[in-house]
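Chain by chain, the residues:
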Amino acid sequence: MEKPWPTPPHYDVVLAGGGIIGVCTALFLREKGLSVAVLDKGRPGYEQSSRNWGWVRTISQAMEELPLAVASRPLWEQWAKEGDFGYTRSGLLSLAQDQDEWQGLESWLAAARTRGFDARELGRSEISTLLPQSRGQWAGALYSPGDGRAEPDSAMRFLVRKAEAAGVVILPDTAVKSIDIQGGRACGFETENGRISASSVVVAAGIWSRWLCKTVDIVLPQLKVIASVLRTEPVAGGPDPIVASSRFSLRRRMDGGYTVAQRNSSITYVTPDSFRFLREFMPNFLKQKKLLSVRIGSSFVQERRQERQFGKGKPNPFEQFRACDPTPDSKTLARTMNRLRADMPVFEKARIATMWAGVIDVVPDALPILSPVARYPGLYVATGFSAHGFGVGPASGKLMANLITGEPDTLGRDHFTLDRFGCNGEGSRAS
Ligand SMILES: Cc1cc2nc3c(=O)[nH]c(=O)nc-3n(C[C@H](O)[C@H](O)[C@H](O)COP(=O)(O)OP(=O)(O)OC[C@H]3O[C@@H](n4cnc5c(N)ncnc54)[C@H](O)[C@@H]3O)c2cc1C
């Protein structure tokens, strides 16, 4: 642990969380000339932002989030000219296994078309042209040529370097314990190394945002979902576009291997929060229930114990969990790999190089929160990306920076306010 700061440093903006959202926000703020620091309890980018599938997609994004996805593309493309982190406009092919799935894709396309969007449906022959490796019988497919892929770990290293070169101060191993509120205003963070003061503070702490907000009695309805992933060794002759289906999903990697996972294999464990937020999450859960398996385990008791340790003067689990690195569900991944091998003979001999898992932060309507906190001027929240934050990270950072400096944009900020959960102002619910 580092020694405490002798005098509290001061910045225009300090962010808790060095994932893609924190780092992109910091970068755009710095480009506007502000002094900015990003604090991370561990290594920046080590949680969701470097563990994800690496899809930069628009297909199947909620209509409210599409502007963020579309506005992120040119930013990814610009940055890919500055550094090699595997960004490629590979296109994305979303395959329907049955009529039910096809109807879902078709209705998304109908809504997206009215917004002048570039995805289109593919006929059978076009599917086999784009995906000659598959011998599956698909009920239909959508294709978006402008979607792409990047290598999350390399992309995060690139972004951290870029932000530092621009003058952002990035402090790893600096856990934020609570938000410093004085005279009703947010004016810094209490960290493990002492106080850091700022004119504006941002909570961009991924799955930990709920608990950081709770230290000042803001009840953020956020739950956690575990998703498992595998990487193969290089495979010759595999597909170039990203392939999304409920049987398997895959993306080609920079090293010629594939990142493989299964869309509908996420797990959520029942915790005290599952009951607290049952009403808010139920409608979306019922829509998505095929994608999620609900499990009961020791996590209920563990979380109950842990949640009493958050807050001013408490032991503070943020310091104990420098990096959230859950065990992958190897059984499900092995099953996914077998399905892929059966569908695409090029993967028959593909060897699994490694497996990992990540914990995704989800909110009831699966739309991000990019919002000021009305109750505490100077406090902002950027979280809740519900499994889409990597691709839309660049434009989300831009939106957040504009929000903090009071500049307008057309990225639909009204959809992303805390107000929608009733936990923004005076008299919000407590829990
Ligand atoms: C397996 C998996 C697959 C995914 N696939 C995709 C995909 O293909 N495309 C896509 O767009 N999205 C995908 N996502 C989602 C995407 O990765 C996330 O939405 C995005 O990375 C969220 O970024 P973030 O900055 O909000 O959070 P994170 O990346 O989780 O960063 C939060 C940071 O805050 C730090 N922190 C937390 N608490 C504190 C504290 N108290 N003090 C200091 N620091 C703190 C953490 O250490 C962490 O580094 C996937 C996610 C997973 C896990």
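Use the structure listed above.
A brief report on the enclosed structure follows. (Residues numbered from 1 in each chain as written. Predicted model: local features only at pLDDT ≥ 70, side-chain atom pairs only at ≥ 80, totals over all residues. Heavy atoms only, no water.)

1. A look at the pattern of salt bridges
When their charged atoms lie close together, side chains carrying opposite charge are able to pair. Spelled out, the test is: For salt bridges, the criterion is a side-chain nitrogen of Lys or Arg within 4 Å of an Asp or Glu carboxyl oxygen. Only DSSP runs of H or I covering at least 4 residues are called helices, and only runs of E covering at least 2 are called strands; the numbering of each starts at the N terminus. With a 1.4 Å probe rolled over the protein chains alone, any residue whose accessible area is under 20% of its type maximum counts as buried; one over 50% counts as exposed, and the rest are partly exposed.
Summed over the entire model, instances satisfying the criterion amount to 30 salt bridges. The partner of Arg73 in a salt bridge is Asp118, with the nearest N and O atoms 3.3 Å apart. Of this pair, Arg73 sits in helix H3 (residues 66-82) while Asp118 sits in the loop between helix H4 (99-113) and strand E5 (120-122); the two residues are 45 residues apart in sequence, bridging distant segments of the chain. Taking the relative accessible area as the measure of exposure, Arg73 reaches 10% and is therefore buried. Overall, the relative accessible area of 29% leaves Asp118 in the partly exposed class. In this structure, the salt-bridge partner of Glu307 is Arg276, at a minimum N-O distance of 2.5 Å. Of the two residues, Glu307 sits in helix H10 (residues 299-307) while Arg276 sits in helix H8 (residues 272-276), which places them 31 residues apart along the sequence.

2. Brief notes about the site of the ligand
Selection rule: Definition of nearness: a residue and a molecule or strand are near each other if at least one heavy atom of the residue lies within 4 Å of the molecule or strand. What qualifies as a polar contact is a pair of N or O atoms within 3.5 Å, subject to a donor-acceptor requirement within protein and to the restriction that residues adjacent in sequence count only when both atoms come from side chains. Throughout, the Shrake-Rupley method with a 1.4 Å probe supplies accessible areas, and for residues the shown protein chains are the sole cover considered.
The environment of the ligand is made up of 34 residues, and the closest members are Asp40, Ser49, Val176, Gly389 and Gly391. Residue Ile20 places a main-chain N or O atom 3.3 Å away from an oxygen atom belonging to the ligand. Separating a nitrogen atom of the ligand from a backbone N or O atom of Val176 is a distance of 2.8 Å. Protein contact buries 98% of the 1000 Å² of open area that the ligand shows by itself. Looking at the shell around the ligand, the elements that each hand over two or more residues are helix H1 (20-31), helix H2 (48-51), strand E12 (223-232) and strand E18 (352-362).

3. Points about the packing of H1 against helix H13 (residues 393-405)
Where we set the bar: In this description, a line fitted to the C-alpha atoms serves as the axis of each element, helices being fitted only across the stretch in contact, and the angle between N-to-C directions of two axes falls anywhere from 0 to 180 degrees. Our angle categories are set so that under 35 degrees counts as roughly parallel, over 145 as roughly antiparallel, 65 to 115 as roughly perpendicular, and the remainder as oblique. By definition, turning the near helix anticlockwise from the far helix through less than a right angle yields a left-handed crossing, and turning it clockwise yields a right-handed one. By definition, residues are in contact when any of their heavy atoms lie within 4.5 Å. Each residue is assigned to one class: nonpolar for Ala, Val, Leu, Ile, Met, Phe, Trp, Tyr, Cys and Pro, charged for Asp, Glu, Lys and Arg, and polar for all the others, Gly among them.
The interhelical angle for the contact between H1 and H13, taken along N-to-C directions, is 55°, at an axis separation of 7 Å. Judged by the angle between their axes, H1 and H13 are oblique. The handedness of the crossing between H1 and H13 comes out as right-handed. Across the interface between the two elements, Ile20, Ile21, Cys24, Thr25, Phe28 and Leu29 from H1 touch Gly393, Pro394, Ser396, Gly397, Lys398, Met400, Ala401, Ile404 and Thr405 from H13. Broken down by class, the residue content of the contact of H1 with H13 amounts to nine nonpolar, five polar and one charged.

4. A few points about the side chain of Asn402
Within the fold, Asn402 resides in helix H13. Residue class for Asn402 comes out buried when judged on its relative accessible area of 10%. Among the polar contacts listed, one links the side chain of Asn402 to the side chain of Lys32, at a separation of 2.6 Å.

5. Points about unusual backbone geometry
Here the phi dihedral of Asp217 falls at roughly 65°; this positive angle occurs in a residue that is not glycine. Of note in the backbone geometry, Ala366 takes a positive phi value of approximately 60° without being a glycine. With respect to the element layout, Ala366 can be found in the loop between E18 and strand E19 (369-372).

6. Quick notes on a nonpolar patch on the surface
We count it as follows: Only residues whose relative accessible area exceeds 30% and that form no salt bridge enter a patch; like-charged residues are grouped when within 9 Å of one another, and nonpolar side chains (Val, Leu, Ile, Met, Phe, Trp, Tyr) when within 5 Å.
Taken together, the side chains of Leu278, Met282 and Leu286 present a nonpolar region at the surface, about 250 Å² in accessible area. With respect to the helices, strands and loops of the structure, Leu286 is situated in helix H9 (residues 278-288). What makes Leu286 partly exposed here is its relative accessible area of 47%.

7. A look at the side chain of Asp40
Basically, it comes down to this: His is not counted here, nor are the chain ends, while Lys and Arg score as positive and Asp and Glu score as negative.
Counting through the fold element by element, Asp40 comes out in the loop between strand E2 (36-39) and H2. Within the buried set, Asp40 has no salt-bridge partner at all; the shortest N-O distance to an opposite charge, 5.4 Å, is to Lys41. Within the structure, Asp40 has its side chain in polar contact with the backbone nitrogen of Gly18 (distance 2.7 Å).

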